[in-house]
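Reading the structure
Residue-level listing of the chains:
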Amino acid sequence: MPERIEWLEDGTPYSPRFGDRYRSESGGLDQAREVFLKGCGLPAAWAKQPQWCVLETGFGLGLNFLVTWAAWKTDPLRPRLLHFVSTEAFPASAADVLRSVQVHPELLPFAQQLHDQLWGLLPGFHRLVFEEGRVMLTLCIGDAKAMLREQSFEADSVYLDGFSPGVKPVNFPDIWDLHTFKAVARCCRRGTRVATWTVARSVRDALAQCGFVVKKTPGIPPKRDNLQGEFNPAWEPKKSMPPGLRRQAGSCVVIGAGLAGAAVAASLARRGWQVVVLDAADAPAGGASGLPAGVLAPHVSPDDSLLSRLSRSGIRATLQQAHALLDAGTDWSPTGVLEHCVEHARKLPAAWQSDWAEAARDWTCLATPGQLAHGRLPASAPALWHVRGGWIKPASLVQAWLATPGVEFHGHASASQLIRQPDSWQVLDANGHVLACAELVVLAAGYASRALAEAAVPPTSPPLALQAIRGQISWALHQPGAADALPAFPVNGHGSLIPALPLGGNASELAWVTGSTFERDNALNDLKPEDDSHNLGRLRTLLPDVAPGLTGQLERGQVKAWAGVRCATPSRLPALGPLAAPNLWVCSGMGSRGLTFAALCAELLAARLHAEPLPLEQRLAEALRPQYGQAMPVSDD
């Protein structure tokens, strides 16, 4: 559960839970720099490396991360990417983190950015991104042992931090115990440097038992000694999930210029890849990602299911990209989203009502009477309020991703065949002309990925379980005075309504958008007039007091339509992973949640290629492995 910090008279943060200070008497800045950064040989050790991974046990108030980030920022020989993975069972509030740095003004610009992303820290992994994606903090909220079992990477440096051994409450999982150090060792390579301020005999013995060779070094007065060392066991470590090799950036062809393909291209380009994106259309977002706008809101379930947890991780990733790349009010708007639970009231997870209530309120809560009134719903209507929800124009996000340096878009390039060469792939069109060559190919062409995969993998491999789902949305321009009769934010739950979408760059010209239909096993995007009637019919159930004012526009022929073909899997989760051929991956099957999953899947793909820390728990990542066989019926939830 979250930590409640007290502040001593001298301004030092204090934990009543542990009966201990958050920093030494001499000041936390010296401890962070001398004990941890220099204790691990940084910044010299990371010079000219493509990436560097720091593992910390005990995030606390984030000072070690801020000092490491500041050192990276000022180092001309810094690595391209800095990963910082930190566990924390009792996260402090964003306000306390910012307050703790007031005495170190040189760190305030970094702390402010950290503060702005420290929200919604429910148990599990949270990927926070800084410096245009080149500094990544993975906060693992929970017991260190359990969190580290969900990771698969090799740390280059380890900061062993936490409250003093011996002051922990009774029955609290010990961050200094043998099992924790075994979990840390599993995330180390031979030669990984380790540093800590504690020299307790129990700590030294446990580290030695886990393969660390450590020694005492002079401490910062009044503390006599610190501890430094490296992972160098006398035996050959056996790992249940080897992290793989750190791959060097190279050349890649991404087939598909929708949300999935553009996100993959941007994530790889940030890591130094040269990426060519091919699409049959003449412009990006020509398929399902070309809809005028989509609603962004997390999935909620009483048991906090895989889909619910994945949706939160995905929305955090999408929001980071939207804040960094898009124009608020024109390309997107974080208005919040009202979910009208049409069929029955949707229960929130039990933990959201108790220990984690404050963090949960950053995500989703019961709608207030005021929000229901703004949504034109009665006070008795069962509804949720998604705090971080909103609307986004997918095409704007696609264009921003494709503008990443290192990405090259080719339109009118319809890939029909993949030919494996000794060390690369050739991508050919229907006439046998070579469209592009690269060592890595990622299939992100929606339902078309299925046929491309079948043509590239051995004939004995089963087909990808992907299903085409046609969807049509309906929209129309606002009539005079329409804004006053519409909600102030999107509403979903039985279809959806985006009430005020600015068209083009003209914020004064607004449209409403509703839909969409959900037609399985239809790969055609033709427009059907009856689908507009269907969409308005669903809207009458979703917003009975709003729909009549819009239905008249349908009767007057003022409603327009857009249709696209989405691609889904039986599990309703994306399909992300390598296929049965070298250097061939798929990133598809996002259904109606492309805005939720595209950025997250792209970062997961890049992490696996480069043996980086995962942006989400291992068990969640494994759930996205491609499914095979005939696609089963997919729900439209």
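Please refer to the structure placed before this passage.
The sections below set out a description of the structure shown in this document. All values reported here derive from a predicted model rather than from experimental measurement. For every chain, the first residue of its written sequence is number 1, and the numbers climb from 1 along that sequence. The predicted origin of the model limits local features to residues at a pLDDT of at least 70 and limits the giving and counting of side-chain atom pairs to 80 or more, whereas totals for whole chains, interfaces and linings rest on all residues. Excluding hydrogens and water, the side-chain values take into account all heavy atoms of the structure.

Now for the overall build of the chain. In this description a helix means any DSSP run of H or I spanning at least four residues, a strand means any run of E spanning at least two, and both kinds are numbered starting from the N terminus. Across its full length, the chain carries 17 helices and 32 strands. Each radius of gyration is computed over the set of C-alpha atoms, and the globule rule expresses the reference value as 2.2 Å times the number of residues to the power 0.38. Here the chain has a C-alpha radius of gyration of 26 Å; the compact-globule value for 637 residues is 26 Å, and the two agree. Overall, the chain is about 85 × 65 × 40 Å in size when its C-alpha atoms are taken along their principal axes. Note on exposure labels: buried denotes an accessible area under 20% of the residue type's maximum, exposed denotes more than 50%, and partly exposed covers the range between, all computed with a 1.4 Å probe on protein chains only. Per-residue burial over the chain gives 58% buried out of 637 residues. When contacts within the chain are restricted to residue pairs at least 6 apart in sequence, long-range pairs at least 24 apart make up 73% of them. Using the Shrake-Rupley algorithm and a 1.4 Å probe, accessible areas are obtained, with residue cover drawn only from the displayed protein chains. Summing over all exposed atoms, the chain offers an accessible surface of approximately 25,200 Å²; the carbon and sulfur share of this is 53%. Contacts are residue-level and defined by heavy atoms, with any inter-residue pair within 4.5 Å sufficient.

This brings us to the packing of aromatic side chains. Geometry of aromatic contacts follows a simple scheme: Phe, Tyr and Trp rings, the Trp one being its six-membered ring, pair when their centres are within 6.5 Å, and the pair is stacked under 30 degrees between planes, edge-to-face over 60, tilted otherwise. In the structure shown here, the tally under the stated rule is 12 aromatic pairs. For the pair W69 and F130, a centre-to-centre distance of 4.6 Å together with 40° between the ring planes defines the contact as tilted. Residue W69 is found in helix α2 (residues 63-74), and its partner F130 is found in strand β6 (residues 124-130); the two are separated by 61 residues along the sequence. Taking the relative accessible area as the measure of exposure, W69 reaches 0% and is therefore buried. The structure contains a cluster of three or more aromatic residues connected by ring pairs, namely F36, F65, W69, F84, F110, F130 and Y159. Either the NZ atom of lysine or the CZ atom of arginine qualifies as a charge over a ring when it sits within 6 Å of the ring centre and within 35 degrees of the ring normal. Stacked on the ring of F90, the Lys or Arg R17 has its end atom at 3.9 Å from the ring centre. The side chain of R78 reaches across the aromatic face of W72, ending 4.8 Å from its centre.

Taken in spatial order, the three strands of this open sheet run β21-β22-β23, and their pairing is antiparallel. Every other strand in the sheet has two partners, leaving β21 (417-420) and β23 (434-438) as the edge strands with one partner each. Neighbouring strand axes in the sheet, compared pairwise and without regard to direction, differ in orientation by 20° on average. By definition, two strands form a pair when at least two bridges between them are found by DSSP. As defined by bridge partners, β21 adjoins strand β22 (residues 425-428) across four bridges and the pair is classed as antiparallel. Counted as the bridge partner of R420 is W425 from β22. Axis lines are fitted through C-alpha atoms, for helices just across the contact stretch, and the angle between N-to-C directions can take any value from 0 to 180 degrees.

Attention now goes to the pairing of strand β25 (residues 467-477). Counting buried positions over the 11 residues of β25 gives 10, a clear majority of the element. With nine bridges joining them, β25 and strand β30 (residues 560-568) adopt antiparallel strand pairing. Residue A468 lies in a different strand from β30, and its bridge partner there is C567. Across two bridges, β25 lies against strand β29 (residues 519-520) in antiparallel orientation. Bridge pairing in β29 links R470 to E519.

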